[in-house]
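Residue-level structure breakdown
Below, each chain spelled out in residue letters.
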Amino acid sequence: QVQLVESGGGLVQAGGSLRLSCAASGRTFCSDIVGWFRQAPGKERDFVSALSWNGAITYYADSVKGRFTISRDNAKNTFYLQMNSLKPEDTAVYYCASNVPPIRTWTSPRDYRYWGQGTQVTVSS
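First, a word on scope: everything that follows refers to the structure included in this document. (Residues numbered from 1 in each chain as written. Predicted model: local features only at pLDDT ≥ 70, side-chain atom pairs only at ≥ 80, totals over all residues. Heavy atoms only, no water.)

**Some points on the side chain of Ser 49**
In plain terms, the rule: Helix and strand definitions follow DSSP, with helices as H or I runs of at least four residues and strands as E runs of at least two, each counted in order from the N terminus. When accessible area is computed with a 1.4 Å probe and restricted to protein chains, residues below 20% of their type maximum are described as buried, those above 50% as exposed, and intermediate ones as partly exposed. The contact criterion used throughout is that any non-hydrogen atoms of two residues lie within 4.5 Å.
Tracing the chain through its elements places Ser 49 in strand β5 (residues 45-51). Taking the relative accessible area as the measure of exposure, Ser 49 reaches 0% and is therefore buried. The contacts of Ser 49, once residues within four sequence positions are left out, are Val 34, Gly 35, Trp 36, Tyr 59, Tyr 60, Ile 70 and Leu 81.

Following this line, the structure appears as structure tokens:
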């Protein structure tokens, strides 16, 4: 059974940092494009960041550029989202996702087949 399991969410004050992890099991993800999305209450699931299989290509939403960093460790079948300088507007449930390339846009949830269950990130002001 294919699974993605997020961890690392929590409550942090504005300006703080968190590191989310997404551990994959059930198949090898080393060739996948991986991504992070987030969803605040009452809002759509929004793109945060994406990364190619070898780390050579990255995408970030404008709202997180310069603050968030996506990375991966293919040997551990795990990828990460380092979040620095967190703001209250970053509060959301964060989801990791992956799919086998090629995918069409990298930034649409529809392009990803595998999803984690989500982890809550709350940033207090």
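Now that the structure has been shown, we can carry on.
**As for the state of the cysteines**
Covalent bonding between the sulfur atoms of two cysteines is what defines a disulfide. Here is the rule: In what follows, a disulfide is any cysteine sulfur pair within 2.5 Å.
One pass over the full model with this rule turns up one disulfide. One disulfide bridge connects Cys 22 with Cys 96, the sulfur atoms lying 2.1 Å from each other. Every disulfide takes its handedness from the sign of the S-S torsion; for Cys 22 and Cys 96 that torsion is 55 degrees, giving right-handed. Here Cys 22, found in strand β3 (residues 18-25), pairs with Cys 96, found in strand β9 (residues 92-99); they are 74 residues apart in sequence, far enough to count as distant.

**Digging into the packing of aromatic side chains**
Basically, it comes down to this: Two rings from Phe, Tyr or Trp (for Trp, the six-membered ring) form a pair when their centres are within 6.5 Å of each other. A pair whose planes differ by under 30 degrees is stacked, one over 60 is edge-to-face, and the rest are tilted. Any Lys NZ or Arg CZ that is within 6 Å of a ring centre and within 35 degrees of that ring's normal is treated as a charge sitting over the ring.
Scanning the model with the defined rule gives eight aromatic pairs in all. Consider the rings of Phe 37 and Phe 47, whose centres lie 5.8 Å apart with planes at 75 degrees: the pair is edge-to-face. One end of the pair, Phe 37, is in strand β4 (residues 33-39); the other, Phe 47, is in strand β5, with ten residues separating them in the sequence. Relative accessible area serves as the criterion here: at 0%, Phe 37 is assigned to the buried category. Relative to Trp 115, the ring of Tyr 95 lies with its centre 6.5 Å away and its plane at 75 degrees, an arrangement referred to as edge-to-face. In this pair, Tyr 95 is assigned in strand β9 and Trp 115 in strand β10 (residues 114-115), connecting sequence segments 20 residues apart. You can call Trp 115 partly exposed: its relative accessible area is 24%. The rings of Phe 37, Phe 47, Tyr 95, Tyr 112 and Trp 115 are connected pair by pair, giving a single aromatic cluster. Above the face of the Tyr 95 ring, Arg 45 is positioned so that its terminal group lies 3.6 Å from the ring centre.

**A look at the pattern of salt bridges**
Worth spelling out the cut-off: Each salt bridge in this description consists of a side-chain nitrogen of Lys or Arg and a carboxyl oxygen of Asp or Glu lying within 4 Å of one another.
In total, this model carries four salt bridges according to the counting rule given. Here Asp 62 ties to Lys 65 by a salt bridge, and the two come within 3.2 Å at their closest N and O atoms. Just as Asp 62 is exposed, Lys 65 falls in that class too. Taking the shortest distance from any N to any O, the salt bridge between Asp 90 and Arg 67 comes out at 2.7 Å. On the criterion of sequence distance, the pair formed by Asp 90 in the loop between β8 (78-83) and β9 and Arg 67 in the loop between β6 (58-60) and β7 (68-73) is long-range, its members being 23 residues apart. In this structure Asp 90 comes out as buried when scored by relative accessible area, which is 1%. With relative accessibility at 10%, the residue Arg 67 sits in the buried group.

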